[in-house]
Amino acid sequence: MTATGSMFGLAFGDCVGKPTEFQRFEEIVRLYGPAGPKDLSQGGYVTDDTQMALAVAEALLDQPEGTDLAVEPLTGSLIEHFLAWAISPDNNRAPGMTCLRACGHLGNGLPWPEASQRGSKGCGANMRVTPIGLLPHVPDTTVAGAAQLQAALTHGHATALAASDLTAFATRWLLRGMAPSDLLPALRERCQEQRRVYHGDWLGDDLWRVPLRDSPEEFIEHGWVECGMVLGVLAKAAENPDPALDPCDYTGEGWIAEEALATALLCFLMYPDEPVRALGRAAATGGDSDSIAALAGAFVGARHGIEAFPSDWPERIEYRDRLARAGGVWDAGWERAA
Ligand SMILES: [Mg+2]
């Protein structure tokens, strides 16, 4: 159970799922067999998922170590790292339009609530959020607020916020040793508990003002309800999923945040102790394969650590130094806290 395992797991999943993102399920099965790809793709290259997760991770590393996060400096750092990603020559890995549009507005100096794409709940919101779940020394309310804030900078939809919160907590709970069988009930319970909690100290008093919502509570409730619904579908699917079927047939294609979470969780829950099989399953999907596999990798890596993956993968993956740095700092923090 390590932060390093989760950071690398995310990149491994992203890399395994990179070639299959825009392939149909039947095509993937024809090329790789029903279990999907079993190795990193050519060159160890990852996509925007890992690049943006590193942006979030490095914004966190910019904050003073061993203390709670503060809203203003973290917001500034996240925007800085997102903009650096947006203009980087390496930003050529099929990035999401919502992220590009919002970063365009942020780069032009718009305040983030105006730059945010409020109608979007694309999985760009939560594919990059798992580093927040790995942070030692912060209370749960900070994890929630920061997870939702990093989503809101680009994806302002309530469901993007709730799904990002759940994705961060799934990672955190697995890192802290929660049994996979307890994970889904805990996430569903969180949907109930948090249903009307709007983190105004993190999100401000403007984001919630959208048509048909009369209060911050009413705004965020819609997001938690949508997440609760897909987790309900997942609970049924996870009872006895057919390994020959496309996981997206059960819980959705994952282009939107709550489906990316649910389908990644399904793949993880099918093979919670077999990291390579979990990633293969997640990459063999008709939907947003790299994001689904990245999240499944972050979950299985948080649970098992980097040693559970093939021994040559860490040295073959792109950005290995940056992944190792973030994971190393946080693992040391968890050790000190223990
Ligand atoms: Mg991608």
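Remember, predicted model here, so these are calculated numbers, not experimental data. (Residues numbered from 1 in each chain as written. Predicted model: local features only at pLDDT ≥ 70, side-chain atom pairs only at ≥ 80, totals over all residues. Heavy atoms only, no water.)

Engineer: Describe helix α16 (residues 289-304), with residues and values.
Structural biologist: Between its terminal C-alpha atoms α16 stretches 22 Å, which fits the 22 Å expected from 16 residues at 1.5 Å a residue. Within α16, 14 of the 16 residues are buried, which leaves it mostly tucked inside the rest of the structure. Within two residues after α16, Gly 305 carries a phi angle of roughly 80°, on the positive side. (Helix = DSSP H or I, 4+ residues; strand = E, 2+ residues; numbered from the N terminus. Expected span 1.5 Å × (residues − 1). Buried < 20%, exposed > 50% of the residue type's maximum accessible area, 1.4 Å probe, protein only.)

Engineer: Mind laying out the packing of helix α4 (residues 71-87) against helix α5 (residues 97-107), listing which residues take part and the relevant values?
Structural biologist: Following both chains from N to C, one finds α4 and α5 inclined at 115°, their axes separated by 10 Å at the closest point. Comparing their axes, α5 and α4 come out roughly perpendicular. Along this stretch, α4 crosses α5, giving a crossing that reads as left-handed. The residues of α5 that touch α4, namely those facing Ile 79, Phe 82, Leu 83, Trp 85 and Ala 86, are Cys 99, Leu 100, Cys 103, Leu 106 and Gly 107. A per-class count over the contact of α4 with α5 returns nine nonpolar, one polar and no charged. (Axes fitted to C-alpha atoms, helices over the stretch in contact; angles between N-to-C directions. Parallel < 35°, antiparallel > 145°, perpendicular 65-115°, else oblique. Left-handed = near helix turned anticlockwise from the far one by under 90°. Contact = heavy atoms within 4.5 Å. Nonpolar A, V, L, I, M, F, W, Y, C, P; charged D, E, K, R; others polar.)

Engineer: Quick rundown of the nonpolar core? Include the residues and the values.
Structural biologist: Formed by 107 residues in total, the largest nonpolar core has its most connected members in Phe 299, Ile 317 and Trp 330. With 12 residues, helix α9 (residues 158-175) is the single largest residue contributor to this core. The contacts of Trp 330, once residues within four sequence positions are left out, are Ala 3, Met 7, Ala 57, Leu 60, Leu 61, Pro 131, Leu 134, Leu 135 and Pro 136. (Core = buried A, V, L, I, M, F, W, Y, C linked by side-chain atoms within 4.5 Å.)

Engineer: Help me get a handle on the environment of Ser 77, residues and values and all.
Structural biologist: By secondary structure assignment, the location of Ser 77 is in helix α4. In this structure the C-alpha to C-alpha distance between Ser 77 and Met 270, which are 193 residues apart in sequence, comes to 37 Å. Among residues more than four places away in sequence, those in contact with Ser 77 are Ala 59, Asp 62 and Gln 63.

Engineer: Tell me about the packing of aromatic side chains, residues and numbers included.
Structural biologist: Tallied over the full model, the rule gives eight aromatic pairs. Taken together, a centroid distance of 5.5 Å and an interplanar angle of 55° make the contact between Phe 169 and Trp 173 tilted. With Phe 169 and Trp 173 both in helix α9, this residue pair falls four residues apart, about one helical turn. Both rings, one in Phe 309 and one in Trp 313, keep their centres 6.2 Å apart while their planes meet at 25°; by these two values the pair is stacked. (Phe/Tyr/Trp six-rings, centres within 6.5 Å; stacked < 30°, edge-to-face > 60°.)

These results come straight from atomic positions and should not be treated as a statement about function.
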